[in-house]
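Working through the structure, step by step
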Amino acid sequence: MPTTKKEEFYFGLMMCFGMVVFMTMYNLFTHGLMGSLSVSEIFIQLVQIFIIATLLELFVVGPVAKKLALSIPYDKSKKVFVILFLAFFMVSGMVLCMSLYGLGNAYFSDSLHGDSLLESYFTLVFKNFIFAFPLQLIIVGPLVRYIFVKVVKKRIAVSLR
């Protein structure tokens, strides 16, 4: 886990990158856009979404999620609880915000089908959350923590010597 602001920054970038790649592919697949977009269009979408998600994570969702997760009374010496609560609040915040982005994209590309905006938003939030939370807990979170400890923390420690 990150212990300095610099480590938090790198950790956040890595986590955003992993979640953005998986969530973008998931949303392209669930909306039937996987075969209709070119590789360059998908890449442009990934870059755009990564920038937005990173800014949200660093300046809005991340700080709020951290405050909420650490304000709940539980045994913070148990790392698993800290990870679970942080993951829950981060995923919840990011899903709420990024689903707005997805809804905006769908609205402006005229791909909303008959549902009200509010109904479409909550449907999108539900679909994204049920994929994002397990993804965060089972795949992206552990993978990023492993890479972070093995690569980033070692490099930062070496560069400080």
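Everything below is about the structure printed above this text.
My aim in this report is to walk through the structure given alongside it, one point at a time. (Residues numbered from 1 in each chain as written. Predicted model: local features only at pLDDT ≥ 70, side-chain atom pairs only at ≥ 80, totals over all residues. Heavy atoms only, no water.)

1. Considering the pattern of salt bridges
Taken as a whole and judged by the stated rule, the model has one salt bridge. Residues Glu8 and Lys66 are paired through a salt bridge, measuring 2.7 Å at the closest nitrogen-oxygen approach. With Glu8 in helix α1 (residues 5-30) and Lys66 in helix α2 (residues 39-71), this residue pair connects regions lying 58 residues apart in the sequence. What makes Glu8 partly exposed here is its relative accessible area of 29%. The exposure class assigned to Lys66 is partly exposed, which follows from its relative accessible area of 35%. (Salt bridge = Lys/Arg side-chain N within 4 Å of Asp/Glu carboxyl O. Helix = DSSP H or I, 4+ residues; strand = E, 2+ residues; numbered from the N terminus. Buried < 20%, exposed > 50% of the residue type's maximum accessible area, 1.4 Å probe, protein only.)

2. What to know about the layout of surface pockets
Of the pockets and cavities examined, the second largest pocket occupies roughly 160 Å³. At the level of secondary structure, the elements contributing two or more residues to the lining of the second largest pocket comprise α1 and α4 (117-160). Here the lining of the second largest pocket takes six residues from α1, the largest share from any one element. Of the residues that constitute the lining of the second largest pocket, the class distribution is nine nonpolar, one polar and no charged. (1 Å grid on protein atoms, 1.4 Å probe; cavity = no way out; pocket = protein on both sides within 12 Å on 5 of 7 lines; lining within 4 Å. Points joined across faces, edges and corners; volume = space filled by probe spheres on them. Nonpolar A, V, L, I, M, F, W, Y, C, P; charged D, E, K, R; others polar.)

3. Section: helix α3 (residues 79-108)
Taking 1.5 Å of rise per residue, the 30 residues of α3 would be expected to cover 44 Å, and the 43 Å separating its terminal C-alpha atoms lies within 8% of that figure. In the stretch just after α3, Asp110 is the one whose phi turns positive, near 55°. (Expected span 1.5 Å × (residues − 1).)

4. Details of the environment of Asp75
Within the secondary structure, Asp75 sits in the loop between α2 and α3. The class of Asp75 is partly exposed, set by a relative accessible area of 36%. Sequence-wise, Asp75 and Leu103 are 28 residues apart; in three dimensions their C-alpha atoms are separated by 38 Å. Side chain to side chain, Asp75 and Ser77 meet in a polar contact 2.5 Å long. (Polar contact = N/O pair within 3.5 Å; in protein donor to acceptor, adjacent residues only side chain to side chain.)

5. Quick look at a nonpolar patch on the surface
Among the surface-exposed residues, Phe43, Ile44, Val47, Ile51, Leu55, Phe59 and Val60 lie close enough to one another that they form a single nonpolar patch of about 700 Å² accessible area. Summarising the element assignment, Ile44 is placed in helix α2. (Patch = residues over 30% accessible without salt bridge, like charges linked within 9 Å, V, L, I, M, F, W, Y side chains within 5 Å. Areas by Shrake-Rupley, 256 points an atom, 1.4 Å probe, with all protein chains shown as cover.)

6. A closer look at α2
If you look at α2, its biggest bend is around 55°, right at Glu57. Buried within α2 are the following residues: Ile42, Leu46, Ile49, Ala53, Thr54, Leu56, Glu57, Val61, Gly62, Ala65 and Ala69. In this structure, the buried residues of α2 make contact with α1 and α3. (Bend = angle between axes of the 7 residues up to and from the residue. Contact = heavy atoms within 4.5 Å.)

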